[in-house]
Amino acid sequence: MNEKPTPLPPPAAAAATPRPANPWAAVPLVALAGCVDAIGWLRFDQLFVSFISGTSTMLGIAAAEADHARAAALGTVVGLFAAGALLGALLGTAAGRWRSVAVLGTVTLLLAAALLAPPAGGWELPPAAWGMVPAMGMLNTALPGVGGVTFVTGALSRAMEGLVLALLGRARHGAWAQQAACWGAMVGGALLGGALQTRWGDAALAVPASGAMLAALLAALAALRD
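## A look at the overall build of the chain
From N to C terminus, the chain includes nine helices and zero strands. When the helices and strands of the chain are read in sequence order from the N terminus, they spell out α-α-α-α-α-α-α-α-α. Taken along the three principal axes of its C-alpha coordinates, the chain extends 80 × 40 × 35 Å. Counting the 226 residues in the chain, one finds 41% classified as buried. Residue pairs in contact within the chain that sit at least 24 positions apart in sequence constitute 73% of those at least 6 positions apart. Across the chain, 11 positive and 9 negative side-chain charges occur, with their mean positions spaced 16 Å apart.

## Examining a nonpolar patch on the surface
Residues L156, M160, W183 and V187 make up a contiguous nonpolar surface patch of roughly 360 Å² in combined accessible area. For the nonpolar patch, the elements supplying multiple residues, two or more each, are α7 (152-167) and α8 (173-200). Summarising the element assignment, M160 is placed in helix α7. Residue M160 is classed as partly exposed on the basis of its relative accessible area of 43%.

## A closer look at the state of the cysteines
Scanning the model with the defined rule gives zero disulfides in all. In this structure C35 is not part of a disulfide, and its nearest cysteine sulfur, from C182, lies 16 Å away.

## Details of the nonpolar core
Most often, soluble globular proteins keep nonpolar side chains buried together rather than apart. Grouped together as the largest cluster of nonpolar side chains are 55 residues, with contacts concentrated most on L29, L104, L111, M132, M136 and L139. Only α2 (26-43), α3 (52-64), α4 (68-95), α5 (99-116), α6 (129-139), α7, α8 and α9 (206-225) provide two or more residues apiece to this core. With nine residues, the top contributor of residues to this core is α2. Setting aside residues no more than four positions away along its own chain, M136 makes contact with A33, V36, V49, S50, F81, L111 and T150.

## Concerning the packing of aromatic side chains
Tallied over the entire structure, the rule returns two aromatic pairs. Relative to F51, the ring of F48 has its centre 5.0 Å away and its plane inclined at 90°; by these criteria the two rings are edge-to-face. An aromatic cluster is defined as three or more aromatic residues linked by ring pairs; in this entry it consists of W41, F48 and F51.

## Details of the pattern of salt bridges
All told, the structure shown has one salt bridge when counted by the stated rule. Two residues, D202 and R43, come together in a salt bridge whose shortest N-O distance is 3.2 Å. Of this pair, D202 sits in the loop between α8 and α9 while R43 sits in helix α2, and the two are 159 residues apart along the sequence. With a relative accessible area of 15%, R43 lands in the buried category.

## Side note on α7
With 16 residues, α7 should cover 22 Å at 1.5 Å per step; its first-to-last C-alpha distance of 22 Å lies within 8% of that length. Taken as a whole, α7 has its buried residues at V152, A155, A159, G162 and A166. Along the long axis of α7, the arc covered by the buried residues comes to 75°, so they all point the same way. Pointing more than 90 degrees away from the buried face of α7 are the exposed residues T153 and E161. In this fold, the buried residues of α7 make contact with α2 and α8. Trailing α7 by a residue or two, G169 shows a phi angle of about 80°, which is positive.

## Observations regarding the environment of M58
Following the sequence through the fold, M58 ends up in helix α3. The exposure class of M58 is buried, given its relative accessible area of 18%. C-alpha of M58 to C-alpha of L74: the two residues are 16 residues apart in sequence and 7.5 Å apart in space. With residues near it in sequence (within four places) discarded, M58 still touches W41, Q46, F48, R70 and L74.

Rules behind the numbers
- Residues numbered from 1 in each chain as written.
- Predicted model: local features only at pLDDT ≥ 70, side-chain atom pairs only at ≥ 80, totals over all residues.
- Heavy atoms only, no water.
- Helix = DSSP H or I, 4+ residues; strand = E, 2+ residues; numbered from the N terminus.
- Buried < 20%, exposed > 50% of the residue type's maximum accessible area, 1.4 Å probe, protein only.
- Contact = heavy atoms within 4.5 Å.
- Lys, Arg positive; Asp, Glu negative; His and termini not counted.
- Charge placed at Lys NZ, Arg CZ, Asp CG, Glu CD.
- Patch = residues over 30% accessible without salt bridge, like charges linked within 9 Å, V, L, I, M, F, W, Y side chains within 5 Å.
- Areas by Shrake-Rupley, 256 points an atom, 1.4 Å probe, with all protein chains shown as cover.
- Salt bridge = Lys/Arg side-chain N within 4 Å of Asp/Glu carboxyl O.
- Disulfide = S-S within 2.5 Å.
- Core = buried A, V, L, I, M, F, W, Y, C linked by side-chain atoms within 4.5 Å.
- Phe/Tyr/Trp six-rings, centres within 6.5 Å; stacked < 30°, edge-to-face > 60°.
- Expected span 1.5 Å × (residues − 1).
- Arc of directions from axis to C-beta.

See below:
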């Protein structure tokens, strides 16, 4: 007698996997990244802390000009960003449906540590950058199913592609609008960060740190509802 095999229940780990986040939830996080990037650029004399494409370009230029100290500092920035993204991925995977809470909470702590760091150190990379850069790498892992929060070049390209597809009736208008909103959020965040750094100096970082804390609290409320 042929019997159909009884399907196995899904693993507990799979059941705990968080649902993909609403892509629009990335927009305020992009603004946060733009704010921190502008603060870092002004505070650290032209050093990106979240725009790693620009940092990588400057790394290549510094290497070509044999500016070894500058190249070492920029290479460290790339490494810190990658380490933050790696830690965020590990933390998010372990946290399950509390992924956003855990990651954004850690981002808050890193930005707070950067806020309290001394203004200058004995090396070309300022002490505060050691908290700001990994925080921005980690920010990219905060939302399940929504990667690349700080990769706004890709967002603008996808917005234009999505706009063409929407006009041809092959895609929804909301998709390209969300990508365009991410680009606008980066510009708006940078505008805010530049204004804060100009007026408040090193204390400007308190605003994005508070924003990250608020995002973590909202993520906790969403996780409790689920």
